[in-house]
Amino acid sequence: MKILTGNDLKTGAVIWWTGVGWSLDVNESADVGDHGAALAAREEGAQNVVGAYVVDGEKTAEGIRPAHIKERIRALGPTVRLDLTREASNPAAADWVI
Amino acid sequence: MYKYDEYDQQMVDTRVAEFRDQVRRRLAGDLTEDQFKPLRLQNGLYLQLHAYMLRVAVPYGTLNSAQMTLLGDIADKYDRGYGHFTTRQNIQYNWIKLEDTPDILAELAKVEMHAIQTSGNCIRNISSDQFAGAAADEIVDPRPYAELLRQWSSFHPEFLVLPRKFKIAVIASEKDRAAMRLHDIGIRMVRNDAGEIGAQFYAGGGMGRTPMIAPLIRDFVPLDQLITFSEACLRVYNRYGRRDNKYKARIKILVHELGRDEYVRQVEEEFAHLLTQPIEPPLAELERIKAHFTGPAYDSAASDDLDLTDPDFRLWVERNTHAHKQAGYVIATVSLKPVGGIPGDATADQIRLMAKLAKDYSFDELRVTHAQNIVFPHVKKADLYTVWQALDEAGLSTANLDTVGDIIACPGLDYCSLANARSIPVAQKISERFGSAKRQAEIGELKLKISGCINACGHHHAGHIGILGVDKKGLENYQLLFGGSEGADTSLAKIIGPGFTEDGVVDAIEKATEVYLANKQGEERFLDTYRRIGMDPFKEAIYG
């Protein structure tokens, strides 16, 4: 699947396109198919996102997993500070990222 | 240390107000990201992997306790309770909100700090010897000259849009503690045969994807021509540095392609021309600046005795302190490399504690080192045990300076949008593998540096052992390099062979240290043994 991602203008937080808006949770990502570039341009123009781009991903039983490690780290947070990630209470959170 | 005059303060305050308005216009939709990006970068604000990152300048690595305290407060108030000290003697915050940035900059301005020119193709923060003003081996304190260059390079209208970023280091001792020859311009303050102080210029050094050691381009520049000669160096680069290819745009490429002699010829020609122009500030300005750097009021009766009965304290003193030019005092370095920790990171509480200790025991001064540690430059020996105890309680007493545990590491793929691989986990595993004090003492000085991409923010080219993280078909892979050095014997490390996994590179380093210990002669460091026996014995042990 193709996932659209970028950063929130105000906070810089990593966000993922859900089909109707933006989410902090990669698991809510929509498959944008061939429409990623057009969506990115529209959403950037509307100030909803900064630096939007399309990445490859895969829908698994555990959730949506970006194909590249860089995007997986973006989805979770720094692997060396799990306390600062989206899964701060899960000591095994980095397992699906690395 | 230097104190802003009304012009300095006005410049910084004006920039804060200007950026506040730019942020307002961006948030209101009046500026696009393409329009805004160069503006935020000029104020040190990057968009990194997880959030905005703010890089705050620490000119020549010098801070007072009020500044350091504020750095801790910013970490608490605007970030997530910590800061990251960098290889350019700066500090970075990883979780900054755009809308908070003008307020942060305004708070920094109140303690005479800013984030100006910490990004972009301009002259960046001037770096220096972290022991400046305290080192027993320096000719003069290099910081007044660094400050003069800071003032010259700040908002210099001709050099705000250079072909690429430009980094200058200034030192004043034979021993190079600032990787001076790996800078775009490296300056060593020297004394000539007539006893006059002047500047020795090196140009065209750097790391990154094409590492180069800067050649000497002028042996002696008189103090009343320091800025004029610097201007000539920059002008030739600005005129002929490549703008068509960012990978070939640094001055090192220009000097290399022109050849050192032709670059020097052009600089001297430009210098001769500039000498006819009244651009050099009067020496009185340098004297005004120097007056800010007079040494602290040392206790001339301070005792040179040090009670070393506490074995942990003794180890720390042996490892983390250096001789001071004043009897009865030492230079103490706080390692930000605890076993298994993140190199260069300090919590807000730790930052504030170091500020307080500096205020109470180091004449209100601290330094940030390019090796991502903190220095108390002037500690009375009689106070050292008290300082150490406070550091120990705060987890800041790691006795590993310049050993295998004192690793330089860039933020890598855990934070940086340019990185190809993570650096920090590798540093953590190495530091744990070699965590025992006995092991580190046995191995001795071993400078290990890790970069998560070819941009080399982790200085891997200059490591006795360097590690470069690369992306190999979507997987992290680590190349190992041996033989780099950043000191008086500056050399560039060479790749030893095929890369490794994260665990594999840690194993390889362990094998390398075994080869070193088996072949070491006398007091040889790892680097010395490597230079004597060459790469083959290491390759044989590592690759079989």
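In this text, all values refer to a predicted model and were calculated from it rather than measured experimentally. (Residues numbered from 1 in each chain as written. Chains lettered and ligands numbered in written order. Predicted model: local features only at pLDDT ≥ 70, side-chain atom pairs only at ≥ 80, totals over all residues. Heavy atoms only, no water.)

*Asks:* Could you give an account of the overall build of chain A, naming the residues involved and the relevant values?
*Replies:* Each helix and strand counted, chain A has two helices and five strands in total. Traced from its N-terminal end to its C-terminal end, chain A shows the element sequence β-β-β-α-β-β-α. The C-alpha atoms of chain A give a radius of gyration of 13 Å, which matches the 13 Å a tight globule of 98 residues would have. Here chain A holds 98 residues, and the buried ones make up 49% of them. Contacts spanning at least 24 positions in sequence make up 49% of the contacts within chain A whose residues lie at least 6 apart. For chain A, the exposed surface amounts to about 4500 Å²; the carbon and sulfur share of it is 50%. When the 10 positive and 14 negative side-chain charges of chain A are each reduced to one mean point, those points stand 3 Å apart. (Helix = DSSP H or I, 4+ residues; strand = E, 2+ residues; numbered from the N terminus. Rg over C-alpha atoms; globule rule 2.2 N^0.38 Å. Buried < 20%, exposed > 50% of the residue type's maximum accessible area, 1.4 Å probe, protein only. Contact = heavy atoms within 4.5 Å. Areas by Shrake-Rupley, 256 points an atom, 1.4 Å probe, with all protein chains shown as cover. Lys, Arg positive; Asp, Glu negative; His and termini not counted. Charge placed at Lys NZ, Arg CZ, Asp CG, Glu CD.)

*Asks:* Residues and numbers for the side chain of Arg422(B), please.
*Replies:* Its place among the elements puts Arg422(B) in the loop between strand S16 (408-409) and helix H13 (424-433). Engagement of the side chain of Arg422(B) in a polar contact is seen with the side chain of Thr79(A), the distance being 3.0 Å. In this structure the side chain of Arg422(B) is engaged in a polar contact, spanning 3.0 Å, whose partner is the side chain of Glu502(B). Excluding its chain neighbours within four sequence positions, the residues that come into contact with Arg422(B) are Ile69(A), Ile73(A), Thr79(A), Ile98(A), Leu413(B), Asp414(B), Glu476(B), Tyr478(B) and Glu502(B). (Polar contact = N/O pair within 3.5 Å; in protein donor to acceptor, adjacent residues only side chain to side chain.)

*Asks:* Explain the environment of Asp73(B) to me, using residue names and the numbers behind them.
*Replies:* Residue placement: Asp73(B) occurs in helix H3 (residues 65-77). For the pair Asp73(B) and Gln521(B), spaced 448 residues apart in sequence, the C-alpha separation works out to 49 Å.

*Asks:* Talk me through the confidence of the model for chain B; I want residue IDs and the actual numbers.
*Replies:* On average, residues of chain B score 97 in pLDDT, and 100% of them are at 70 or above. For this predicted complex, the interface score ipTM comes out at 0.96, alongside a pTM of 0.97. (pLDDT = per-residue confidence, 0-100.)

*Asks:* Talk me through helix H8 (residues 260-274) of chain B; I want residue IDs and the actual numbers.
*Replies:* All names here are of chain B. Taking 1.5 Å per residue, 15 residues should reach 21 Å; H8 reaches 21 Å between its end C-alpha atoms and fits that length. Taken together, the buried positions of H8 are Tyr263, Val264, Gln266, Val267, Glu270, Phe271 and Leu274. Here the buried residues of H8 occupy an arc of 165 degrees about the axis, which is enough to place them on one side. With respect to the buried face of H8, the exposed residues turned more than 90 degrees away are Asp261 and Glu269. Tucked into the core, H8 has its buried residues touching strand S9 (197-203), strand S10 (216-222), helix H6 (226-240) and helix H7 (251-258). (Expected span 1.5 Å × (residues − 1). Arc of directions from axis to C-beta.)

*Asks:* Which residues make up the pairing of strand S7 (residues 168-171) of chain B, and what values do they have?
*Replies:* Every regular strand shows the same layout, with side chains that alternate between the two sheet faces. Residues and elements named next belong to chain B. Of the two faces of S7, the one lined by Ile168 and Val170 and the one lined by Ala169 and Ile171 are each fully buried. In terms of strand pairing, strand S6 (residues 127-128) meets S7 through two bridges, oriented parallel. Of the residues in S7, the one forming a bridge with Ser127 is Ala169. What joins S6 to S7 is helix H5 (residues 143-153), and the crossover it makes is left-handed. Where S7 lies against strand S8 (residues 185-191), four bridges are found, and the strand directions are parallel. From the neighbouring strand, Val170 faces S8, where its bridge partner is Ile187. (Pairing = 2+ DSSP bridges. Right-handed = clockwise from strand over helix to strand, strands pointing away.)

*Asks:* Can you explain the nonpolar core? Please cite residues and give values.
*Replies:* Residue and element names in this part refer to chain B. Core analysis: the largest hydrophobic core is formed by 104 residues, its most contacted members being Met68, Leu71, Met189, Phe201, Tyr263, Met354 and Phe376. The greatest single-element share of this core, amounting to eight residues, is contributed by H6. Beyond its immediate sequence surroundings of up to four residues, Phe376 is in contact with Val330, Ile331, Ala332, Val334, Met354, Leu357, Ala358, Ser362, Glu365, Leu366, Val387 and Leu391. By size, the runner-up hydrophobic cluster in this structure holds 31 residues, among which are Ile430, Leu448, Tyr478 and Phe526. (Core = buried A, V, L, I, M, F, W, Y, C linked by side-chain atoms within 4.5 Å.)

*Asks:* Which residues make up the environment of Lys59(A), and what are the values?
*Replies:* Residues and elements named next belong to chain A. Counting through the fold element by element, Lys59 comes out in strand S4 (residues 50-60). Judged by relative accessible area, Lys59 falls into the exposed class, the value being 63%. If we ignore the near neighbours within four places in the chain, the residues touching Lys59 are Met1 and Ile64.

*Asks:* Run through the interface of chain B and chain A, naming residues and quoting values.
*Replies:* Facing 31 residues of chain B, the contacting portion of chain A comprises 22 residues. Buried area between chain B and chain A, summed over both chains or domains, comes out near 2200 Å², and the portion from carbon and sulfur atoms is 60%. When the buried surface of chain B facing chain A is broken down by residue, Leu49(B), His50(B) and Arg422(B) rank first, second and third, together holding 22% of it. The interface formed by chain B and chain A includes zero salt bridges. (Buried area = accessible area lost by both parts, 1.4 Å probe. Salt bridge = Lys/Arg side-chain N within 4 Å of Asp/Glu carboxyl O.)

*Asks:* Can you lay out the domain arrangement of chain B for me, pointing to particular residues and giving the numbers?
*Replies:* Residue and element names in this part refer to chain B. Along its sequence, chain B is carved into domain 1 (6-110), domain 2 (127-290), domain 3 (311-393) and domain 4 (408-543). Of note, the centres of domain 1 and domain 2, computed from C-alpha atoms alone, are 27 Å apart. Contacts between the two partners involve eight residues from domain 1, matched on the other side by 13 residues from domain 2. Counting the surface lost from both domain 1 and domain 2, the interface buries some 940 Å², and carbon and sulfur atoms represent 55% of this. Among the residues domain 1 hides against domain 2, the three largest losses belong to Tyr60, Arg88 and Gln89. Together they make up 61% of the total. At the junction of domain 1 and domain 2, the tally comes to one salt bridge. Of the charged contacts in the structure, one is a salt bridge between Arg150 and Asp8, with a shortest N-O distance of 3.7 Å. Looking at which element gives the most residues to the side of domain 1 that touches domain 2, the answer is helix H1 (residues 6-27), with three residues. (Domains from an automatic or database assignment.)

*Asks:* Let's hear about the packing of H7(B) against H8(B): which residues, and what values?
*Replies:* The relative placement of two packed helices is expressed as an angle between their axes plus a distance between the axes. All names here are of chain B. Relative orientation of the contacting elements H7 and H8 amounts to 105 degrees, with a least axis distance of 5 Å. On the basis of their axis angle, the class for H7 and H8 is roughly perpendicular. The segment H7 lies against H8, with Ile251, Leu254, Val255 and Leu258 engaging Arg260, Glu262, Tyr263 and Gln266. Grouping the amino acids of the contact of H7 with H8 by side-chain chemistry returns five nonpolar, one polar and two charged. (Axes fitted to C-alpha atoms, helices over the stretch in contact; angles between N-to-C directions. Parallel < 35°, antiparallel > 145°, perpendicular 65-115°, else oblique. Nonpolar A, V, L, I, M, F, W, Y, C, P; charged D, E, K, R; others polar.)

*Asks:* Could you give an account of the pattern of salt bridges, naming the residues involved and the relevant values?
*Replies:* Residues and elements named next belong to chain B. Considering all chains together, one arrives at 55 salt bridges over all chains under this definition. Ionic pairing is found between Arg235 and Glu158, a salt bridge with its closest N-O pair at 2.8 Å. Placement of Arg235 in helix H6 and of Glu158 in the loop between H5 and S7 is noted, with a sequence separation of 77 residues between them. Through salt bridges that share partners, Arg422, Lys429, Glu476, Glu502 and Asp503 make up one connected network.

*Asks:* Tell me about the sheet that holds strand S5 (residues 91-96) of chain B, and name the residues and values.
*Replies:* All names here are of chain B. Taking strand neighbours across the sheet as the criterion, the five strands line up as S1-S2-S5-S4-S13 in an open arrangement whose pairing is antiparallel. The open sheet has two edge strands, strand S1 (45-47) and strand S13 (345-347), and neither has a second partner. For this sheet the average axis-to-axis angle between neighbouring strands, irrespective of direction, equals 30 degrees. Of the strand pairs in this sheet, strand S4 (residues 82-85) and S13 are connected by three bridges, and their pairing is antiparallel. Pairing of Tyr82 across the sheet is with Thr347, part of S13. The strands touched by H3 within the sheet are strand S2 (52-56), S4 and S5, with S5 carrying the most contacts at an inclination of about 20 degrees.

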